[in-house]
Each structure stands twice: as C-alpha cells, then as structure tokens.
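# Coordinate inspection notes
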Amino acid sequence: VVQNDHRILDHRPENFTPLARLQNQDTCNLIQWWFKWFPKSLLLDIVNQINIKANSIKWPSTRNWKVLKNGEFLRWMGMWLLMGVYPTSPRRAYWRGQLHFGKYMTESRFEQIQRAFCLPFYKKSNPKWGGAAGKKMKYDRFLHCRCYLDQLKVAWIKAMEPGGWLCLDESMVAWLGLALLMPGWKVIKRKPHPFGLEFKTVCCGTTGIMINFEPQEGKDVMVHH
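Read on for an overview of the structure. (Residues numbered from 1 in each chain as written. Predicted model: local features only at pLDDT ≥ 70, side-chain atom pairs only at ≥ 80, totals over all residues. Heavy atoms only, no water.)

## Thoughts on unusual backbone geometry
Going by this rule: Comment: elements are numbered from the N terminus, with helices defined as DSSP H or I runs of at least four residues and strands as E runs of at least two.
In the segment running from Ser89 into Pro90, the intervening peptide bond is cis, with an omega of -5°. By the element assignment, Pro90 lies in the loop between α4 (70–85) and α5 (93–96). Unlike most non-glycine residues, His100 shows phi in positive territory, near 50°. Here His100 shows up in the loop between α5 and α6 (107–116).

Below you can see the structure in the form of structure tokens.
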C-alpha cells in the first residue's frame, strides 16, 4: 500500500491539495466541522467523567448537582471560546458586561461545572497507561490528560489529508495554574506564552491546520519514544 501512495510517486508538493475527510462538507454547519476534530465519543467520555466526579463532591444544600448533559457541556465549552476571543477580567464581568453570558448559562452553574471538570483517564491496567514509557514509570504525570490527547491526535490525523507542504514546529500551551500541577512544565522565554507545555507539531502548510502533535513530557519519558 505504501508503494502505491501518490505522495511517494509524485514528489512535487504543489500537486497535492488539502482535503477534509468530511461528507457533504459544503453544506456542513460549524458544529459538524467541530466534531470532525473533537469526536463525539470524547465528548461523551468527558461528560460522563464530570458527572462521576461531581457525585463525589459535597455540594451546598442550596446548590445540589444537576446531571450534566452533552448539549450543556458544549455550551460551557463555547463560553470558554468566547472568553478567549473577548478577554476581560475578572471572569464575573462576562455575566455583568455587554456579553451577557447569563443568556447561555448562569454564573453559578458555570462555576459548578468548572469545579467538577475532569477528563477521562486510563487505568493502570490499560496498556496505554504511561504512554511510551508504560509501566517503566511509577506514576504517569500525564494521567489526567493522556487519554484526552490520544483521542484528539487520532481524530486530527483522520480529519484531513494535508497539502504537499508540511510545517514542523513547536507550540506552547499556556498554563496559568500552579507549576507543580503542570506535567512537562517548561519556560521558553522567546515564546509569546513562555510558561506551559511544549508540543512538537505538524501543520498543513497550505491551510495552517495542525494535523499532528506530540507533548514534550520530559527527558525521562521522551527517551522511550
């Protein structure tokens, strides 16, 4: 199969046009495009994990936990995206300013989901636990995001066939929390966001869409890649 790959037979990058692997893409709405890069199975796993964690939290009697539904979680994520586009501080200003976040979700419910937020994770019996290092590591520092990143990577690879020009680079995911809670914590002063997690990335040079990535977990783990 590899020998018949058109990219091997033709070495001219300009001959390859990016192709989104999405049926009826000309008529697809934005949420259908979104689910190509963020699979519904991952959404269901996250919502399920949040509800599990929420049931272990002692909530005030006046604010009991209401089971989180898939659509409500999508709305919650959308609000985070809006906050990224229209940054302001403090966060409560989104409910009191011109954006009127209250029309999407009450502030108390938003904070409730934030407190219960949790990503799906591998059990130690799962062969994917620990990533490339596996059981060589006593503790998987990426435990709480490895399953999430693995599912995203598979989805992104399947989402599109890139053009002939590929760009290899590094990207930083900004982190504003406590350094000790950030696996792979790095400080790279030349980056726009110097504090956070570094990824080695591959992007389609024609569209600018990232198609693959690898988090930098530190030398003790990366030696096994």
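## Let's talk about the packing of aromatic side chains
Threshold: Classification of ring pairs uses Phe, Tyr and Trp, with its six-membered ring standing for Trp, and accepts pairs whose centres are within 6.5 Å; under 30 degrees between planes counts as stacked, over 60 as edge-to-face, and the remaining range as tilted. Three labels apply to residues, based on accessible area from a 1.4 Å probe with only protein chains included: buried if under 20% of the type maximum, exposed if over 50%, partly exposed otherwise in between. When the NZ atom of lysine or the CZ atom of arginine is within 6 Å of a ring's centre and also within 35 degrees of its normal, the charge is said to sit over that ring.
On inspection of all chains with the given rule, the structure shows 16 aromatic pairs. Judged by centre distance (5.7 Å) and plane angle (40°), the rings of Trp76 and Phe110 are tilted. Taken together, the residues Trp76 in helix α4 and Phe110 in helix α6 connect sequence positions 34 residues apart. Note on Trp76: relative accessible area 4%, which makes it buried. Judged by relative accessible area, which is 0%, Phe110 ranks as buried. Between Phe101 and Tyr104, the aromatic rings sit 5.9 Å apart at their centres with planes inclined by 75°, giving edge-to-face as the arrangement. When its relative accessible area of 33% is taken as the criterion, Tyr104 is described as partly exposed. A connected cluster of aromatic rings, assembled from ring pairs, spans Phe73, Trp76, Trp80, Tyr94, Trp95, Phe101, Tyr104, Phe110 and Phe117. Over the ring of Phe35 we find Lys40; its NZ or CZ atom is 5.3 Å from the centre of that ring. Above the plane of the ring of Phe213 lies Lys153, whose end atom (NZ or CZ) is 5.6 Å from the centre.

## So, the pattern of salt bridges
Our working definition: The salt bridge definition used is simple: a Lys or Arg side-chain nitrogen within 4 Å of an Asp or Glu carboxyl oxygen.
Applying the stated criterion across every chain yields a total of eleven salt bridges. Between Arg146 and Glu217 there is a salt bridge; the shortest N-O distance is 2.7 Å. Placement of Arg146 in helix α7 (residues 143–159) and of Glu217 in the loop between β6 (210–215) and α8 (219–222) is noted, with a sequence separation of 71 residues between them. Accessibility classification places Arg146 together with Glu217 in one group, the buried group. For Lys191, the salt bridge goes to Glu170, with nearest N and O atoms at 4.0 Å. Remark: Glu170 occurs in strand β3 (residues 166–174) and Lys191 occurs in the loop between β4 (185–187) and β5 (195–204); sequence separation between them is 21 residues. Under the relative-accessibility criterion, Lys191 is labelled buried at 15%. Residues joined by salt bridges that share partners form a network here, namely Glu170, Lys186, Arg190, Lys191, Glu198 and Lys200.

## With respect to the state of the cysteines
The cut-off we apply is this: Criterion for a disulfide: a pair of cysteine sulfur atoms within 2.5 Å.
This model, assessed by the stated rule, comprises zero disulfides. Not part of a disulfide, Cys145 finds its nearest cysteine sulfur in Cys147, a span of 10 Å.

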